Amino acid sequence: VPWDIAFLPSGDALVSERESGKILDLPAGGGSPTTLTTVPGVVAEGEGGLLGLAVSPTYDRDHLIYAYFSASSDNRVASIDTQTKAVKPILTGIKKGQIHNGGALAFGPDGMLFVGVGETGDTGLAQQKTSLNGKILRITATGKVPKGNPFKGSPVWTYGHRNVQGFAWDKAGRMWASEFGQDTTDEVNLIRKGRNYGWPIVEGKGSTQGGKFTNPLATWTPTSTSSPSGAAIVGNTLYIGALAGRKLWKIPIHGASLGKPVGLLSGTYGRIRAVTAAPNGSIWFSTSNRDGRGSPVSSDDRIVQLGL
């Protein structure tokens, strides 16, 4: 069950497998993947397991990659030395659950590591600033709280999230994130420091209660059309994978607003999870048809390259 895709400076692609705990290396020049490492301590239960991947901005010097995964007692983020295979937890104690473990992981333009964390179905956690769940977190490469975070001593960057599984930055440095809805609305949000995105008090576009909550900029009906997951930006276009919607959404970015979403590849590949911008300007995405909710064919699950 491939969950995320991240590229090394060499052009090789790394793929996390949620259930096996393996990180695969797909050679830049083509060929069969090899197992880079199997992350110790991964517990794949429900929607948990080995989830997001990120590559250090200084990989050529430190050879580090980062993984978000479910362990026996919690969700956590760890650095992994690709030469020695040493694993070092840098953020632990994130509540885990059968659902909504989040898992998005990426370095931002500021060099900080951003972490998307779900509320595990315990909806009240999203509004509790003292909880790490239902949040987007911002930490250093060693797991410390960096300067500039909105809440003193806390890794919390934004809160009021249900289950963030993808985010990406545009050319102006704006951060966009996909989020699962429940009964009403799936979302794409423009992420701004310290903002409250409403869950569980508000789902989709609703009353901001005088600016207390921030509305999404793109929405869909849950389950039937979307369940948005991985996100990537190429040029001025945001691409988001849809699990239940079984398509790739293409959304124009107009400054701090979004154009009308257009569905690509509807039903062609089934459930689409990871979406990543490749070094050559293409989009790579993974299918997620063997996650217990799809209808796999003999070639699933797959990594697909979409030329733009």
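Along each chain, numbering runs from 1 in the same order as the chain's sequence is written. A pLDDT threshold of at least 70 governs which residues receive local features in this predicted model, and a stricter bar of 80 or more applies before side-chain atom pairs are shown or counted, although totals over entire chains, interfaces and linings include all residues. Excluded from the side-chain calculations are hydrogens and water; all other atoms, namely the structure's heavy atoms, are used.

K.L.:
What's the story with the sheet that holds strand E10 (residues 113-117) in this structure? I'm lost.
P.N.:
Sheets are built from strands that pair by backbone hydrogen bonding, the pairs being arranged parallel or antiparallel. The 4 strands lie next to each other as E9-E10-E11-E12, forming an open sheet whose pairing is antiparallel. Since the sheet does not close on itself, it has two edges, and those belong to strand E9 (105-107) and strand E12 (156-159), each with one partner. Mean inter-strand twist for the sheet, computed between neighbouring axes without regard to direction, equals 20 degrees. When DSSP locates at least two bridges between a pair of strands, those strands are taken to pair. In DSSP terms, a helix is any run of H or I states spanning at least four residues, a strand is any run of E spanning at least two, and both are numbered starting from the N terminus. Pairing geometry for E10 and strand E11 (residues 135-139), over 5 bridges, is antiparallel. As a rule, the C-alpha atoms of each element are fitted with a line to give its axis, helices using only the stretch in contact, and angles between N-to-C directions run from 0 to 180 degrees.

K.L.:
I tried to follow the pattern of salt bridges on my own but got confused; where do I start?
P.N.:
Once their charged atoms are close, side chains differing in charge can pair, the charge on each being opposite to the other. One side-chain nitrogen of Lys or Arg within 4 Å of one carboxyl oxygen of Asp or Glu is enough to make a salt bridge. Inspection of every chain in the model, using the stated rule, returns 10 salt bridges. Arginine 302 is the partner of aspartate 300 in a salt bridge, and the nearest nitrogen-oxygen pair spans 3.1 Å. When accessible area is computed with a 1.4 Å probe and restricted to protein chains, residues below 20% of their type maximum are described as buried, those above 50% as exposed, and intermediate ones as partly exposed. For aspartate 300, a relative accessible area of 9% gives the class buried. Several salt bridges share partner residues, and in doing so they unite Arg271, Arg273 and Asp291 into one network.

K.L.:
Just checking my understanding: could you explain the pairing of strand E17 (residues 228-234) for this structure?
P.N.:
In summary, the side chains of a regular strand alternate between the two faces of the sheet. Most of E17 is tucked away, with 6 of its 7 residues classed as buried. Summarising the sheet, E17 and strand E18 (residues 237-242) pair through 5 bridges and their orientation is antiparallel. Across the sheet, the residue bridging to valine 234 is threonine 237, located in E18. What sits between E17 and E18 in their antiparallel hairpin is a turn of 2 residues, with glycine 235 showing a positive phi close to 65 degrees.

K.L.:
How should I be thinking about the environment of phenylalanine 167 in this particular structure?
P.N.:
Following the sequence through the fold, phenylalanine 167 ends up in strand E13 (residues 164-169). With residues up to four places along the chain from it excluded, the contact list for phenylalanine 167 reads Ala104, Leu105, Ala106, Phe114, Val115, Gly116, Ile136, Met175, Trp176, Ala177 and Ala231. The contact criterion used is simple: two residues touch if any of their non-hydrogen atoms lie within 4.5 Å.

K.L.:
Would you mind showing me how to read the confidence of the model for the protein here?
P.N.:
If pLDDT is low for a region, its predicted coordinates should not be looked at in detail. pLDDT measures the predictor's confidence residue by residue and takes values from 0 up to 100. Here the protein averages 96 in pLDDT, and 99% of its residues register 70 or above. Looking over the protein, one finds the lowest element-wise mean pLDDT in strand E16 (residues 218-220), namely 92, and the highest in E11, namely 99.

K.L.:
In this structure, what is going on with the packing of aromatic side chains? I would like to understand it.
P.N.:
Classification of ring pairs uses Phe, Tyr and Trp, with its six-membered ring standing for Trp, and accepts pairs whose centres are within 6.5 Å; under 30 degrees between planes counts as stacked, over 60 as edge-to-face, and the remaining range as tilted. A full pass over the atoms with the stated rule returns 8 aromatic pairs. With 5.9 Å between their ring centres and 75 degrees between their planes, phenylalanine 151 and tyrosine 159 make a pair best called edge-to-face. Ring geometry for phenylalanine 167 versus tryptophan 169: centroids 5.7 Å apart, planes at 70 degrees, classification edge-to-face. Classification of phenylalanine 167 by relative accessible area gives buried; the value is 7%. Ring-over charges, as used throughout, are those where CZ of Arg or NZ of Lys falls within 6 Å of the ring centre and within 35 degrees of the ring normal. Cation over ring: arginine 162 sits above tryptophan 199, and NZ or CZ is 5.3 Å from the ring centre.

K.L.:
I would appreciate a short explanation of the side chain of serine 79 in the present structure.
P.N.:
Checked against the element boundaries, serine 79 lands in strand E7 (residues 75-81). For serine 79, a relative accessible area of 8% puts it in the buried group. Here serine 79 is in contact with Ile65, Tyr66, Ala86, Val87, Lys88 and Ile90, once residues within four sequence places are set aside.

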